[in-house]
Amino acid sequence: MSDSAGRGLTVGALLAEARAAKGRELADVARETRVPLRHLMAIEADDHESLPALPYALGFVKTFARTVGLNSEAVGAQFRAETRLTPHVPTPASMEPMDEARLPSRGLAIAGLGVLVLVIGGLGLYGGGVLDPAPSAVPVAAPANDFAGNDPAPAPAAPVAGPFNEPSGLPPAAIPASGTVVLTAREDAWVKIYSRTSGRRVFQGLMIAGSIYRVPEDSGPLTLRTGRAGVVEVSVAGVKLPALGGSVQTIDGVVLTAPALAERFAGVAAPAAAIAAVPSVQAPASRVGASQAAPSPPVR
């Protein structure tokens, strides 16, 4: 190296001379060192502008020097002295304090917090079904007057059984204790139908709005889980049941068998059943009592 410095050889000329003395080609050096050939050519030509950043270029020069039998540290020091490449110096981050004029006012921050609390509260009420419309009340028939003055009021006629009008023995609002259970999606809803005893999933997925699912009766007692209880309608033998919950309410553990559903909604169907049974039983007795108790008009 002292001889090369005395002869005024640059790093590129020194490496090229050492490579030629060993009878090596640049392609061989590139294949052995895995340094791109274009970078080796730039080093021998002292074309530092074509080289990458200083740390990479210095590493290429040292690797080249070791391959051709030169002292890598001495060649690296000479390359540092010759090159105009400089190491990258990161720009320090600005530590200036933020302008208070850019910050929102205290009143605006409080108003934003209030709006956020209202939104969260509204979502909670909506999810709990509080904002859902109340179910329509069961119509209650007003009791008929037996008398209007002295004349008896006509009582409703009892249903007559016949070949085309046989009584079903089931009140209008009662839920059947047997029959096929059907699920109908009024809107898109995720539904899972599974067996709690075995853990087997019969159906799990998204029910598209308007789709219908008939619960199989040969798979044992199946259970319903859904995140939108109010949009999944349940019916038994064609009789539609009341809503299972709010439109975005999550429910689990609803047994999808006719007896279990009839027991679940027994309190809802009982008043309607009692009202439906009153006219057909008591109306004839009222008519008879009225005809017997009415006094005869006076004879002049």
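Computed from a prediction, not measured in an experiment: that's the story for all the values here.

Brief notes about the overall build of the protein
For step 1, the next point in the chain: A tally of regular secondary structure across the protein gives nine helices and ten strands.
For step 2, the next point in the chain: Each of the 300 residues in the protein was classed as buried or not, and the buried ones make up 27%.
For step 3, the next point in the chain: Taking all contacts inside the protein whose residues are at least 6 apart in sequence as the whole, residues at least 24 apart take part in 63%.
For step 4, the next point in the chain: Taken as a whole, the protein presents about 19,800 Å² of accessible surface, with 59% of it coming from carbon and sulfur.

A look at the pattern of salt bridges
For step 1, the next point in the chain: If you walk through the whole model with that rule in mind, you get nine salt bridges.
For step 2, the next point in the chain: A salt bridge links Asp28 to Arg31, with the shortest nitrogen-to-oxygen separation between them at 2.6 Å. With Asp28 and Arg31 both in helix α3 (residues 26-33), this residue pair falls three residues apart, about one helical turn.
For step 3, the next point in the chain: Overall, the relative accessible area of 28% leaves Asp28 in the partly exposed class.
For step 4, the next point in the chain: The class of Arg31 is exposed, set by a relative accessible area of 60%.
For step 5, the next point in the chain: A salt bridge links Arg225 to Asp252, with the shortest nitrogen-to-oxygen separation between them at 3.3 Å. One end of the pair, Arg225, is in strand β7 (residues 223-226); the other, Asp252, is in strand β10 (residues 251-255), and 27 residues separate them in sequence.
For step 6, the next point in the chain: Overall, Arg225 belongs to the partly exposed group, its relative accessible area being 32%.

So, how was this worked out
Residues numbered from 1 in each chain as written. Predicted model: local features only at pLDDT ≥ 70, side-chain atom pairs only at ≥ 80, totals over all residues. Heavy atoms only, no water. Helix = DSSP H or I, 4+ residues; strand = E, 2+ residues; numbered from the N terminus. Buried < 20%, exposed > 50% of the residue type's maximum accessible area, 1.4 Å probe, protein only. Contact = heavy atoms within 4.5 Å. Areas by Shrake-Rupley, 256 points an atom, 1.4 Å probe, with all protein chains shown as cover. Salt bridge = Lys/Arg side-chain N within 4 Å of Asp/Glu carboxyl O.

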